[in-house]
Amino acid sequence: MADASPDDRAPAFPVPTMPAPPVSVVGLGQLGGSLAAALAAAGRAVSGWDVDPAARAVAEQHGVFVTRELTGVVVLAVPLPALGSALDGLRIDPGATVTDVGSVKVPVLAELGAAHGDRFVGGHPMCGTERSGPDAVDPELFRGARWALCLEPDTDLRRWLRVAEIALAVGAEVVPVTAAEHDDAVAAISAVPHLLAAALAAAAGQAGPLALSLAAGSFRDGTRVIASDPAFVTALVQGNAGPAMAALDRVRAQLDRPVPELVADGHAVRTETPGRRPVRVPLDRSALLSLGRAGGAVTRRLAAFVEGWVPDRR
């Protein structure tokens, strides 16, 4: 048989003009339901499933087709302990790409990567509120949010791009990371804040009813996240225990510093507002990871490149 001509060969990557695959979302609570609703609003073919009839009903109201048949890109939006069994009883296309929205990535990669091989792409949208369930569904939840998307040495870049396109379609910005880099970073900016919020709330409770009656904006803002489901917070911290404890040790060390120095340094970090320098990055693992490590993100998919930005602190 003669070799195919260059025009007959499949491209190395899915190009933007190719039909976008359908999306199937398993778990239609706040994150999964919001994603399915946002995709439906954007005109993407999206279906979903949840064991909760109320969640299925809300999804249908947003234009999501409810079914046990999963195809295209399958998004697992269930609690961390349920990820391994999320597909039980469902029928999934053997060629489907599988991704998740879990807050921890190394353990998830070990479990789901073993089950799905290079069809799995780990992800974590950095959004959500202390609310949960279908009543918290918001199609605008992802707009402007960072969406960490794991790019390991054996990740199929074609599948990575398909998941990245989903994040971009709902208004998020994609941050290429490895699972280990993600877990180290998220321990510092998510796990530790949840623990500190818990400690602050518990200490205020010990201070007595007068302290709680006087609590205002600072206390409310500092403790907001611990109003989340305790099971979620526990899974977030214990599932990433090593990096979380290391990050907590760094906070303890900061608290031992002289107060003026600590306040000044914290203020400087929190109030820094660097600009954004536009960049164009080739579809190459090293180049994409360099973008993420620099604090940047992908905002647009092109044929052989992605466009995005990196912080500009000049």
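This is a predicted model, so every value here is computed, not measured. (Residues numbered from 1 in each chain as written. Predicted model: local features only at pLDDT ≥ 70, side-chain atom pairs only at ≥ 80, totals over all residues. Heavy atoms only, no water.)

Asker: Sorry, what's going on with the overall build of the chain here?
Answerer: In terms of regular secondary structure, the chain is built from eleven helices and 14 strands. The globule rule puts the C-alpha radius of gyration for 314 residues at 20 Å, and the 21 Å found for the chain is close to it. Viewed in the frame of its principal axes, the chain has a C-alpha envelope of about 80 × 50 × 35 Å. Per-residue burial for the chain yields a buried fraction of 44% across its 314 residues. Residue pairs at least 24 apart in sequence account for 65% of intrachain contacts in the chain once pairs closer than 6 positions are excluded. As displayed, the chain offers around 15,900 Å² of accessible surface, 58% of which is attributable to carbon and sulfur atoms. Distance from the positive charge centre (28 side chains) to the negative charge centre (34 side chains) of the chain: 4 Å. (Helix = DSSP H or I, 4+ residues; strand = E, 2+ residues; numbered from the N terminus. Rg over C-alpha atoms; globule rule 2.2 N^0.38 Å. Buried < 20%, exposed > 50% of the residue type's maximum accessible area, 1.4 Å probe, protein only. Contact = heavy atoms within 4.5 Å. Areas by Shrake-Rupley, 256 points an atom, 1.4 Å probe, with all protein chains shown as cover. Lys, Arg positive; Asp, Glu negative; His and termini not counted. Charge placed at Lys NZ, Arg CZ, Asp CG, Glu CD.)

Asker: When you look at the packing of helix α5 (residues 179–207) against helix α9 (residues 241–255) in this model, what are you seeing that I'm missing?
Answerer: Think of two packed helices as two axes; the pair is described by the angle between the axes and how far apart they sit. As a packed pair, α5 and α9 sit with axes 8 Å apart at the nearest point and diverge in direction by 65 degrees. One element, α5, and the other, α9, form an angle in the roughly perpendicular class. Like other packed secondary-structure pairs, α5 and α9 cross with a definite hand, here right-handed. For the pair formed by α5 and α9, the contact residues are D183, D184, A187, A188, A191, V192, L195 and L196 on the first element and P243, A244, M245, A247, L248, R250 and V251 on the second. Class assignment of the residues belonging to the contact of α5 with α9 gives a composition of twelve nonpolar, no polar and three charged. (Axes fitted to C-alpha atoms, helices over the stretch in contact; angles between N-to-C directions. Parallel < 35°, antiparallel > 145°, perpendicular 65-115°, else oblique. Left-handed = near helix turned anticlockwise from the far one by under 90°. Nonpolar A, V, L, I, M, F, W, Y, C, P; charged D, E, K, R; others polar.)

Asker: Please explain helix α1 (residues 30–41) as it appears in this structure.
Answerer: Three or four residues apart is the spacing at which side chains of an α-helix point the same way, because the helix has 3.6 residues per turn. Taking 1.5 Å per residue as the helical rise, α1 with its twelve residues ought to reach 16 Å, and the 16 Å between its terminal C-alpha atoms agrees with that figure. Within α1, nine of the twelve residues are buried, which leaves it mostly tucked inside the rest of the structure. Every buried residue belonging to α1 is among Q30, G32, G33, S34, L35, A36, A37, A38 and L39, and all of these are buried. Elements that come into contact with the buried residues of α1 comprise β1 (23–26), β2 (46–49), β5 (73–76), β10 (146–150) and α4 (157–169). Positive backbone phi, at 90 degrees, marks G43, one or two positions downstream of α1. (Expected span 1.5 Å × (residues − 1).)

Asker: Mind showing me how you'd approach the pattern of salt bridges here?
Answerer: When the charged atoms of two side chains with opposite charge come close together, those side chains can pair. Applying the stated criterion across every chain, the model contains 17 salt bridges. Of the charged contacts, one joins E173 and R146 as a salt bridge, the two residues approaching to 3.1 Å between their closest N and O atoms. Here E173 is found in strand β11 (residues 173–177), whereas its partner R146 is found in strand β10, with 27 residues between them in sequence. Judged by relative accessible area, E173 falls into the buried class, the value being 12%. (Salt bridge = Lys/Arg side-chain N within 4 Å of Asp/Glu carboxyl O.)

Asker: Is there a simple way to think about the sheet that holds strand β3 (residues 65–66) in this case?
Answerer: Pairing between sheet strands relies on hydrogen bonds along the backbone, with the strands arranged either parallel or antiparallel. Strands sit in the order β3-β2-β1-β5-β7-β8 across an open sheet of six strands; the sheet is parallel. Both outer strands of the open sheet, β3 and β8 (120–121), are each paired with one neighbouring strand and no more. In the sheet, β5 pairs with strand β7 (residues 97–100) via four bridges, with the strands oriented parallel. Residue pairing for β7: V75 is matched across the bridge by T99. Contacts from α1 reach β1, β2 and β5, with the element oriented near 160 degrees to β1. (Pairing = 2+ DSSP bridges.)

Asker: Please explain the environment of G63 as it appears in this structure.
Answerer: Mapped onto the fold, G63 is located in the loop between α2 (53–61) and β3. When the C-alpha positions of G63 and P274 are compared, they lie 39 Å apart, and in sequence the two are 211 residues distant.

Asker: How do you make sense of the packing of aromatic side chains when you look at a structure like this?
Answerer: Two aromatic rings are characterised by how far apart their centres lie and by the angle between their planes. Under the definition given, this model contains one aromatic pair. R280 extends its terminal NZ or CZ atom over the ring of F305, reaching a point 5.8 Å from the ring centre. (Phe/Tyr/Trp six-rings, centres within 6.5 Å; stacked < 30°, edge-to-face > 60°. Lys NZ or Arg CZ within 6 Å of the ring centre and 35° of its normal.)

Asker: Honestly, the side chain of T223 in this entry has me stumped. Any pointers?
Answerer: Counting through the fold element by element, T223 comes out in helix α7 (residues 217–223). For T223, a relative accessible area of 12% corresponds to the buried category. At 2.7 Å, the side chain of T223 and the backbone oxygen of F219 are in polar contact. Here T223 is in contact with A197, L200 and A201, once residues within four sequence places are set aside. (Polar contact = N/O pair within 3.5 Å; in protein donor to acceptor, adjacent residues only side chain to side chain.)

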